[in-house]
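Geometric and topological summary
If you want the building blocks of each chain, they are given just below.
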Amino acid sequence: MVSMVVVTVVAIAAPAPQVTHFDNGATLVVLPDANASIASSYVFIRTGAIFEGQWLGHGLSHYLEHLVAGGSTNLKSEAEYKSIINQLGGASNAYTTTDHTAYFIQSSSESVDTALQVLFEWVTQANWTNAEFEREKGVVLKEMDRAKRNVNRRIYQKTQALFYKDSPYRHPVIGYHESVRKTTSQDLKQYYRVQYVPENMVIVVGGNVSQQALVKAVKSTFGQLKAMASPIRYQNNHHRILSKSHSTHQIDSLQSPRIVIRYPIVTFYDDDVYPLDLLAFIFGHSDQSLMYQEFVVKQKLATSVRVSSITPMHDTGYFEIVLESTHPPLQVIDQVQSFINQFSWRRIQQRHIKTAAQKKQAAFILSKMSLDDQIQEVGQAMMMGQDPLFFQFYAQSFGQVQSKDLTRVVQQYLSESRRQSYVFSSKIAQKELLNQPEKKPPSLEVLPNGVQVIHSPSINPQLVRITLHFMGGIQEETPSTNGIGFLASQLIGKKIKGKSREAFQTLFEARGANVDATLTHNSLVYSFQAPANAAVELVPQFMKGMTRFDADDVLLNEAKTQLLTQIQKKNEDWFSEAYDTVKANMATPPYTFPLTGTADTVQPLTVDQVVAYVRRRWQSSELVVGIQAANPGPIIARMFPILNQRANAQPTVLKSPKLSAPKSASYKLNQAVGAVIRVDPLATPITSLRDHITFKLVDALLSGMRYPSGLLHHRLRGAQLVYVVHALPVQWGESHMLLTYALTEPHQVIQVSDIINESVGDIQAGFTSKQLADAKSQVVFDYLSTQADMASQMAYYIQSVHQLNAIPTLEEVTRLVDNIQMADIQRFIKEQFQLPHEFTFNTTPLDDRTRIVR
């Protein structure tokens, strides 16, 4: 039964669309045209790639279109439909988009009833055979292969996937190869039943036809379908992108590099669609557009420029600029952004706006060169606006856009902070193409007073990090002052002479800066990290943290209380307690001292002692300074006058402990756990990069560099004998050693210890080529990991300067790693691992027996 008929007269010379809504939700739109030579019949289905739900990425809408258009139904075979279409003239097709699918048949006006009957049967009675299903799967897969050879399509789809990262719009309409291969006939039939319901159907017929006769024909077919609710439409109106991003991508067959710039904007239903669309037209519609003239004609930065404003129905859209350019992309992107920025305050001339609005309206008229064009426009208008004249209203609305509207949308949507840029080329590794400056290696400069300065580009150009590395750690302490270095490290950067603690710390905190100090066995490190725009101003204050260090009783007592609590809690950590036990029973002072000191040595320390300690470290300790900044010049200008005030400092000679003879000993821990620590001091210090890498390879073979692997992980973790097992290179003074430790149960201590000792012996005896290859990969990755953050990067550089008198490059590390063979590692172990010490903890009485360490 017909519920309503709406007839609208169109103001332009085009058929007046006549709309009929049926009770079950189906809609008929008729475009009568007495002059039309043929008739076109369309069925639009409100479903497309973004509505595929559990099958997102399977391309079900597109696959289904292949089977429905011309395929078998419950009423006729595929061959029968082919015969009917041929009799009608043979003009039939279909297409699928992100949000709708359309089927159409062109025929004579007298045959419209037949065309509609066929379309009705296709979209409501489809029942394809298995042969059709398999054949069309092959056709779809071939379409995918063809699409892969289309460079523009690949660029578009990659950009969609990146821009719409968490939206259905990220998926290609055609789907993905493996997903389509896995799609079953049952999947398609289930999707068909859910989506192909009257509520989702709009029938549009145009030609020399009778609206009354068509209402009758559709009423007896589509109008008789049972009303069924269509699935809830996907809709998102929230901007997902909050900050800018940039990425580069390689497409081998691409001949001319492309730069794609996108800004997130609005959905189709936002009023800002009109100024955004008009702005895109003004910027990049033709050779006379503003961006073409600027970047192709004037600056010659590009060979083509295309600008568009894309606003889908069901998600936020994008304002897109696509350029073909062989110039450095980042340079081009910056120039484009600068060009756009001027229109956030400068008005676009009224003549440009008027001309663009007139052209947009003319384009709307010219887009309907045929009756079929008009029908498609009406169908899409019904999909988008529930109004067959929706696009006419859309075109006319451009006449209302004013200059201030364009300025506003530039300010609101086209800012650099929201920009998404993508570079596509055939060789993304070329530095010239990416506009990446040649990576500068770190450099070493020695000041007249002996201060060594390492310059390194900042990993993050927006950050500056400065490191002051004073040689000599725990060796600067005596038995009575043990803990003073650790206590001082907790106070440095807190207060300076002439300024309160609150005032000094607020200087840094208010600018987002961080000041820190740490003590190791061999050094005192004072560091500073700040945003680049605040660093220059804060550098002198940071330096005063050492040159004008100060403390008072309140600050000292606060730090001392915290340190004493930490000392008291040490026995809660099995490793800290065990490690201090190892040092106390293996080395000579000062390396027998705990790094934190003891309650007896820390409690008596005074403000004067701590101030004198820091002053002495500043004045006489060998100093290496690390500067990590994208623009180090202003930093250096503020630092060097201060650094040059230091007197010439003599190189610090690190005291090496005298180690006890190899032994095996058992001790108790406060925690009820079992533990094993084996220490292998090296016979001679490491002074070459080759030995340094070989030592790391031993570590990797035994336990892995930064994650559990190696023999110990396989033999101990794999057998569930330990909770933790790892090896750790350590250095006391000039003595290097490998410390291997494991946490287990008391009754398993001896078994774990035996396996550790056997594993060291097995590595010396030999290992497989795969074990060596894995170890080499880990060593290279370990080097790369040291470059991943600013603190570890500078620590590695400083260690290299002290140990090797040079800073190795990745190429040098990789080359040496490749050259080191099994025999080199075996020889290193034989020559260096001559003084093994073993310590077991909480061994059960049953296992407490004298043993020999190999």
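Attention in this report is confined to the structure presented alongside it. (Residues numbered from 1 in each chain as written. Predicted model: local features only at pLDDT ≥ 70, side-chain atom pairs only at ≥ 80, totals over all residues. Heavy atoms only, no water.)

What follows deals with the overall build of the chain. Secondary structure summary: the chain contains 31 helices and 23 strands in total. Computed over the C-alpha atoms, the radius of gyration of the chain is 38 Å, more than 25% above the 29 Å expected from 2.2 N^0.38 for a compact globule of 854 residues. Its C-alpha atoms give the chain principal-axis dimensions of about 110 × 65 × 50 Å. The burial tally for the chain puts 55% of its 854 residues in the buried class. Contacts spanning at least 24 positions in sequence make up 80% of the contacts within the chain whose residues lie at least 6 apart. In the form shown here, the chain has an accessible surface area of approximately 37,800 Å², with 51% of it arising from carbon and sulfur atoms. One finds the centroid of the 80 positive side-chain charges in the chain at a distance of 3 Å from the centroid of its 75 negative side-chain charges. (Helix = DSSP H or I, 4+ residues; strand = E, 2+ residues; numbered from the N terminus. Rg over C-alpha atoms; globule rule 2.2 N^0.38 Å. Buried < 20%, exposed > 50% of the residue type's maximum accessible area, 1.4 Å probe, protein only. Contact = heavy atoms within 4.5 Å. Areas by Shrake-Rupley, 256 points an atom, 1.4 Å probe, with all protein chains shown as cover. Lys, Arg positive; Asp, Glu negative; His and termini not counted. Charge placed at Lys NZ, Arg CZ, Asp CG, Glu CD.)

In this section: the sheet that holds strand β22 (residues 735-744). Ordered by their spatial adjacency, five strands build an open sheet running β19-β23-β20-β22-β21, and the pairing between neighbours is mixed. Each edge of the sheet is formed by a strand with only one pairing partner; in this case those strands are β19 (664-667) and β21 (724-732). Going across the sheet, the axis of each strand differs from the next one's by a mean of 20 degrees, ignoring polarity. (Pairing = 2+ DSSP bridges. Axes fitted to C-alpha atoms, helices over the stretch in contact; angles between N-to-C directions.)

Turning to its location among the elements, V118 is positioned in helix α3 (residues 112-125). C-alpha of V118 to C-alpha of I84: the two residues are 34 residues apart in sequence and 8.5 Å apart in space. The contact partners of V118, leaving out residues within four places of it in the chain, are Y81, I84, I85 and I105.

One pass over the structure, following the stated rule, counts 20 salt bridges. Residue E121 pairs with K76 through a salt bridge whose shortest N-O separation is 3.0 Å. Of the two residues, E121 is situated in helix α3 and K76 in the loop between α1 (60-68) and α2 (78-88); the sequence distance between them amounts to 45 residues. Residue classification places E121 among the buried positions, given a relative accessible area of 3%. The residue D680 makes a salt bridge to R678 at a minimum N-O spacing of 2.7 Å. Residues D680 and R678 agree in their burial class; the two are buried. (Salt bridge = Lys/Arg side-chain N within 4 Å of Asp/Glu carboxyl O.)

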